[in-house]
Amino acid sequence: MAAARSAEVCRALHADLAKPYTESYIALVKSSCKFALKNLKKWMKPQKPLGVVLIISAWNYPFLLSIDPIIGAIAAGNAVVLKPSEVAPATSSLLAELLPRYVDGSCIKVVEGGVAETTTLLEQKWDKIFYTGNGKVGRIVMASAAKHLTPVVLELGGKCPVVVDSNVNLHVTAKRIAAGKWGCNNGQACISPDFIITTKSFAPKLLEALEKVLEKFYGRDPLRSSDLSRIVNSNHFNRLKKLMDDENVSDKIVFGGQRDEHHLKIAPTIFMDVPLDSGIMKEEIFGPLLPIITVDKIHESFALINSMTKPLAAYLFTKDSKLQEQYEATISAGGMLVNDTAVHLTNQYLPFGGVGESGMGAYHGRFSFEAFSHKKAVLVRRFAGEAAARYPPYSPAKLKIL
Ligand code: NAD
């Protein structure tokens, strides 16, 4: 389907998010599919399907986040009900229209709708619920699942930190941060860098490098760039506007700040040293705003990150292997990536998922198959090999044999 219908999928993604073609990730869905088909025989050996699973997906990558878990679920032999996000209606209705044409409709159903429909779905008994979205709804999903003791995978979000050491290749670092932030749905991605921590002395150089890269990527008038997704709807636009206009942070803007309410566009915007108790540092930004927090010594970043809830991804740019080891050992995060951002998501050999408030359970590649399988233990014995001590009446003499 992804191959034959890629133009339609891209059109739906553009209608929902003005998503540039390169960010549609159709190739990623195709490679997930091929990878599962290639490895299925090997994966299937000791596992059994769970049964009927519910997949609830989110609006920011509405195609990828629907199809990728379906690949794992059907590879493992389950029947699936998919509930795409109503916040990306073009993609939701395209999935509802196209999926039945390509898959067995008795095994995969698409149910469209919002809170009311999802609430009704959550009241049913499932063998597994796989939910992608925010933690507030994640709690609702988990509470509903608890009524039937249904296991859940929760793919949630959080504030993904990027620690930048001063010994890095500045230009490559700036490009890779920009690609993971603004090149991922204009920051509306669960693994987008949420904030940067660097040293006071290095911050001006990093800012200058980011400014140069951003101008090269999106021009002098980024609001007109077709390579930047728009903000998904006016609710999210207003949420981001509120974060920007907070009187404690609005004077900390050092780059960008332009917005176009009519077209729901916000330009890449960088802040320097916003207060740590401001909204922008308390909630997941999920948009094109990027605060830089400065510290005297780079190691101070560890305590700051650990004072917050556990992120879905933690990034570090450094050439110092000691710092890298310490970061890996000290920071708890769903995933970690050194000297890049976001691309760990595309590696089929790595589990993708959160920890703590960024979620539970993981998928991608073999881990998707496992997420939708039950490792049923089956032991078959012969009738020989009886141990008398196992059976009453128990006696000290029998115990000696044990
Ligand atoms: P969303 O608004 O599309 O909601 C997700 C799903 O929850 C939708 O299908 C929606 O219908 C359903 N839903 C919403 N309110 C509900 C309710 N009250 N009861 C039952 N179901 C309800 O998406 P969102 O939550 O805005 O997505 C953004 C969040 O998702 C961010 O926090 C982001 O970090 C996270 N996210 C995580 C991943 C991941 O893979 N870990 C991927 C994408 C997004």
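In the block above lies the structure referred to throughout.
Just so it is clear, the model here is predicted, and its values are computed rather than measured.

Enquirer: Before we move on, could you go through the site of the ligand and cite the residues and values that matter?
Expert: Taken together, 28 residues lie around the ligand, and Ser85, Gly133, Glu155, Gly157 and Cys190 are the ones closest in. Looking at the shell around the ligand, the elements with two or more residues in it are helix 5 (115–123) and helix 6 (135–147). Sorting elements by how many residues they give to the shell around the ligand places helix 5 first, with 3 residues. Classifying every residue of the shell around the ligand by side-chain character gives 12 nonpolar, 12 polar and 4 charged.

Enquirer: How would you summarise the sheet that holds strand 12 (residues 269–272) if you had to cite specific residues and measurements?
Expert: Pairing in this open sheet of 7 strands is mixed, and the strands run 9-12-13-8-7-14-15 from one edge to the other. Both outer strands of the open sheet, strand 9 (253–255) and strand 15 (335–338), are each paired with one neighbouring strand and no more. Along the sheet, successive strands turn relative to each other by an average axial angle of 25°, direction set aside. As judged from the 2 bridges shared by strand 9 and strand 12, these two strands associate in the antiparallel manner. In the strand pairing of strand 12, Phe255 is matched with Ile270. The strands touched by helix 8 (residues 203–218) are strand 7 (160–164), strand 8 (193–199), strand 9, strand 12 and strand 13 (289–295); relative to strand 12, the strand with the most contacts, the crossing angle is about 170°.

Enquirer: I'd like a description of the pairing of strand 3 (residues 79–83), backed by residues and values.
Expert: Sheet analysis places strand 2 (residues 52–56) next to strand 3, joined by 5 bridges and oriented parallel. Among the inter-strand pairings, Ile55 is bridged to a residue of strand 3, identified as Leu82. The parallel pair strand 2 and strand 3 is bridged by helix 3 (residues 64–75), and the resulting crossover is right-handed. One ladder, built from 3 bridges, connects strand 3 with strand 4 (residues 108–110); its direction is parallel. By the bridge assignment, Val80 is partnered in strand 4 with Ile108. Taken together, strand 3, helix 4 (residues 89–102) and strand 4 constitute a β-α-β crossover, and its handedness is right-handed.

Enquirer: Describe the environment of Gly335, naming the residues involved and giving the relevant values.
Expert: Along the chain, Gly335 turns up in strand 15. The buried category is assigned to Gly335, around which 22 C-beta atoms lie within 10 Å. Residues Gly335 and Phe352, 17 residues apart in the sequence, show an inter-C-alpha distance of 7.0 Å. Not counting chain neighbours up to four residues away, the residues in contact with Gly335 comprise Ala313, His344, Leu350 and Phe352.

Enquirer: Lay out the pairing of strand 7 with the relevant residues and their values.
Expert: Counting buried positions along strand 7 yields 5 of 5 residues, so the element is predominantly enclosed. Judged from the 5 bridges that link them, strand 7 and strand 8 form a sheet pairing that is parallel. Note on strand 8: the bridge partner recorded for Cys160 is Pro193. Taking the sense of rotation as the criterion, the β-α-β connection linking strand 7, helix 7 (residues 170–181) and strand 8 turns out right-handed. In this structure, strand 7 lies alongside strand 14 (residues 313–317), joined through 3 bridges in parallel fashion. Each residue of the ladder has a partner; that of Val164, found in strand 14, is Phe317.

Enquirer: Kindly report on the sheet that holds strand 2, identifying the contributing residues and their values.
Expert: Pairing is mixed across the open sheet formed by 6 strands, whose spatial order is 4-3-2-5-6-16. Looking at the sheet topology across the chains shown, the edges are occupied by strand 4 and strand 16 (359–360). This element, helix 6, spans strand 5 (128–132) and strand 6 (152–155) of the sheet and lies at about 180° to strand 6.

Calculation notes
Residues numbered from 1 in each chain as written. Predicted model: local features only at pLDDT ≥ 70, side-chain atom pairs only at ≥ 80, totals over all residues. Near = placed C-beta within 6 Å. Helix = DSSP H or I, 4+ residues; strand = E, 2+ residues; numbered from the N terminus. Nonpolar A, V, L, I, M, F, W, Y, C, P; charged D, E, K, R; others polar. Pairing = 2+ DSSP bridges. Axes fitted to C-alpha atoms, helices over the stretch in contact; angles between N-to-C directions. Contact = placed C-beta atoms within 7 Å. Right-handed = clockwise from strand over helix to strand, strands pointing away. Buried ≥ 20, exposed ≤ 12 C-beta atoms within 10 Å, placed from the backbone.

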